[in-house]
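Examination of the molecular architecture
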Amino acid sequence: MKTCLTILLLALSIFVHAQDVTTKFANDVCSCLRQISLEAATSSTTLSQQVGTCFVTSATKHKKELKKKKVVDIDQATDAEITKLWEYVWKQCQETGKTVFSRRAELENAE
């Protein structure tokens, strides 16, 4: 029984640490997204590139820790893994995401 409890606590500890790095990563992406000047964006392509840059910059910053905590190996990430990271980002900053994609839709409609 003691061994089972130890294994459970260890597994929970690893999960919590993985969540910590994922949260740091997502918060960095969100912070970057908030710094984008939406009014200055002149095309949906430019805005999409800025959003992508936020993701890549944060992924690069947290690359070693994300791999170490077995969240994702950024260098060999699958589309599904990248999508999962994006989903976590959007959960962390829903309002910012809505604002950015609303502006992107406006620009697409104007193009």
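Heads up: these notes are all about the structure in this document. What you are looking at is a predicted structure, and each value in this text was computed from that prediction instead of being measured. (Residues numbered from 1 in each chain as written. Predicted model: local features only at pLDDT ≥ 70, side-chain atom pairs only at ≥ 80, totals over all residues. Heavy atoms only, no water.)

1. Description of the pattern of salt bridges
Selection rule: A pairing counts as a salt bridge when a side-chain nitrogen of Lys or Arg comes within 4 Å of a carboxyl oxygen of Asp or Glu. Under the scheme used here, helices are H or I runs from DSSP no shorter than 4 residues and strands are E runs no shorter than 2 residues, and both carry numbers assigned from the N terminus. Accessible area is worked out with a 1.4 Å probe on protein chains only. A residue is then buried under 20% of its type maximum, exposed over 50%, and partly exposed in between.
Summed over all chains, the structure comprises seven salt bridges. Close ionic contact of lysine 24 with glutamate 65 constitutes a salt bridge, the shortest N to O distance being 3.8 Å. Of this pair, lysine 24 sits in helix α1 (residues 2-35) while glutamate 65 sits in helix α2 (residues 44-68); the two residues are 41 residues apart in sequence, bridging distant segments of the chain. Classification of lysine 24 by relative accessible area gives partly exposed; the value is 42%. Two residues, lysine 61 and aspartate 28, come together in a salt bridge whose shortest N-O distance is 3.1 Å. Of the two residues, lysine 61 sits in helix α2 while aspartate 28 sits in helix α1, which places them 33 residues apart along the sequence. Taking relative accessible area as the criterion, aspartate 28 reaches 23% and is therefore assigned partly exposed.

2. So, the state of the cysteines
Formally, a disulfide is one covalent bond, and it connects the sulfur atom of one cysteine to the sulfur atom of another. The following threshold applies: Any cysteine sulfur atom paired with another within 2.5 Å is treated as part of a disulfide.
Overall, the coordinates contain two disulfides when judged by the stated rule. Sulfur-sulfur distance for the disulfide between cysteine 30 and cysteine 93 comes to 2.2 Å. Across the disulfide from cysteine 30 to cysteine 93, rotation about the S-S bond amounts to roughly -80°, and the bridge is consequently left-handed. In this pair, cysteine 30 is assigned in helix α1 and cysteine 93 in the loop between α3 (79-92) and α4 (94-110), connecting sequence segments 63 residues apart. A relative accessible area of 2% means that cysteine 30 is categorised as buried. Assessed through its relative accessible area of 5%, cysteine 93 is described here as buried. Between cysteine 32 and cysteine 54 runs a disulfide, and the two sulfur atoms are separated by 2.1 Å. Residues cysteine 32 and cysteine 54 are joined by a disulfide whose S-S torsion is about -70°; by sign, that bridge is left-handed. Remark: cysteine 54 occurs in helix α2 and cysteine 32 occurs in helix α1; sequence separation between them is 22 residues.

It is worth stressing that arrangement in space is one thing and function is another; only the former is reported here.
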